[in-house]
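Tertiary structure, described
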Amino acid sequence: MSKYLLIESRDSFEFADVGYFYDLAEGLAREGHGVTLFLVQNGVLPARPSARSERLARLSESGVAVLADEFSLQERGIPAASLAKGVRSAGIDRVVDLLADGSTRAVWH
Amino acid sequence: MSTVTILTMDAPYESANSTTALRIVDAAIRKGHNVNVFAYEGAVSYSVTTQKPHQNPVKGTSVEEERHPNTKDWVAALLSAAQAKGVKLDWVRCGLCEDERGAFEQVPGTRRGSPADFVKQIASSDNVLVIPTK
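Heads up: these notes are all about the structure in this document. Numbering of residues starts from 1 in each chain and follows the order in which that chain's sequence is written. Labels follow written order: the first chain is A, the first ligand is 1, and so on. Residue-level local features of this predicted model are given only where pLDDT is at least 70; pairs of side-chain atoms are given and counted only at 80 or more, and the full residue set underlies all totals for whole chains, interfaces and linings.

So, the nonpolar core
Under the definition applied here, buried Ala, Val, Leu, Ile, Met, Phe, Trp, Tyr and Cys residues are grouped into a nonpolar core through C-beta atoms within 7 Å. Three exposure classes are used. Buried residues have 20 or more other C-beta atoms within 10 Å of their own C-beta, exposed residues have 12 or fewer, and partly exposed residues fall in between, all C-beta atoms being placed from the backbone. Ranked by internal contacts, the top residues of the largest apolar core, which has 68 residues, are A:A25, A:L37, A:A47, B:I6, B:V25 and B:A39. Excluding residues within four positions of it along the chain, A:A25 makes contact with A:L6, A:V35, A:L37, A:L59 and A:V64. Any residue pair is listed as a contact if its two C-beta atoms, each placed from the backbone, are within 7 Å.

Written out as structure tokens, the structure is:
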């Protein structure tokens, strides 16, 4: 089993290809890999309960750890206490921890 | 202690990628890791020393009141933070990219290099994160 860190910086309402990145996360998780999807910048916008949030919940149910950057949430006025189902807030430290373990493959989108 | 390499490409003040890249470098230093940065394409301008803060005529604020952050100060602060923490921050600027942009006045402590240096940084790292432009 490999570990993957997928960093999504784009808003799924603005960029249709975000869905493909979600697909990649889900596919890797279903194949038994450890997957963290870290939402950052406008990538956190679907973490606000909305029409696009259900996909994040499904990713979480498939085993993907879906995290939203605290700083990006704060900038956009999204309370960390009321995130969409399956999404947890996390600091940028989490990205550093995964990079520093040396065995996680990181991809930025 | 690990060594992490970050390649960043966006010019400063253009996208939130710059801020996030700098935040990751900052967090890695705070956690005691060595960090390599390869500033590619527009990112060579992060460390141009001729950047100046500005006032905001719309809000009517002065330079001092606006406290506009310049990336050159962030880069210098990260270099100082790494030194204080006893870790290495190797900040390499793509030389061809800065020639194209005339970005010659650079923060001391950063160094001019080439993509070949990025390969060396990768070889000496535990992990690599490439932050591309859109």
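Once the structure has been displayed, the description carries forward.
Things to note about the interface of chain B and chain A
For an interface, size is often stated in terms of accessible area lost upon the parts coming together. Contacts between the two partners involve 17 residues from chain B and, on the opposite side, 14 residues from chain A. Going along the chain from the N terminus, every DSSP run of H or I of four or more residues is numbered as a helix, and every run of E of two or more is numbered as a strand. Every element with two or more residues in the side of chain B that touches chain A is listed here: α1 (16–30) and β5 (127–131) of chain B. At seven residues, the largest contribution of residues to the side of chain B that touches chain A is made by α1(B). Amino acids outside the nonpolar list (Ala, Val, Leu, Ile, Met, Phe, Trp, Tyr, Cys, Pro) and the charged list (Asp, Glu, Lys, Arg) are all regarded as polar, and Gly is one of them. The class makeup of the residues in the side of chain B that touches chain A is nine nonpolar, five polar and three charged.

Observations regarding the sheet that holds strand β4 (residues 87–90) of chain A
Residues and elements named next belong to chain A. Should DSSP find at least two bridges between two strands, the strands are taken to pair. Here we have five strands laid out as an open sheet, ordered β4-β3-β2-β1-β5, and parallel in their pairing. Looking at strand neighbours, the two that pair on one side only are β4 and β5 (104–108), the edges of this open sheet. Pairwise comparison of adjacent strand axes, ignoring direction, gives a mean angle of 25° for this sheet. Relative to strand β2 (residues 34–39), strand β1 (residues 3–8) is paired through six bridges, and the arrangement is parallel. The axes used here are C-alpha line fits, helices contributing only the stretch in contact, and every angle between their N-to-C directions lies in the interval 0 to 180 degrees.

A word on the pairing of strand β3 (residues 65–69) of chain A
All names here are of chain A. The buried fraction of β3 is high, at five of five residues. Judged from the four bridges that link them, β2 and β3 form a sheet pairing that is parallel. Considered in β3, the bridge of L39 is made with A68. Handedness of the crossover is the feature at issue here: the chain leaves β2, passes through helix α2 (residues 53–61), returns alongside β3, and the resulting connection is right-handed. Here β3 runs beside β4; their pairing, made up of four bridges, is parallel. Following the sheet pairing, A68 is matched in β4 by S89. Here the term right-handed applies to a crossover when the path leading from its first strand over the helix to its second strand runs clockwise, the strands being oriented away from the viewer. Following the chain from β3 across helix α3 (residues 70–75) to the adjacent parallel β4, one finds a crossover that is right-handed.

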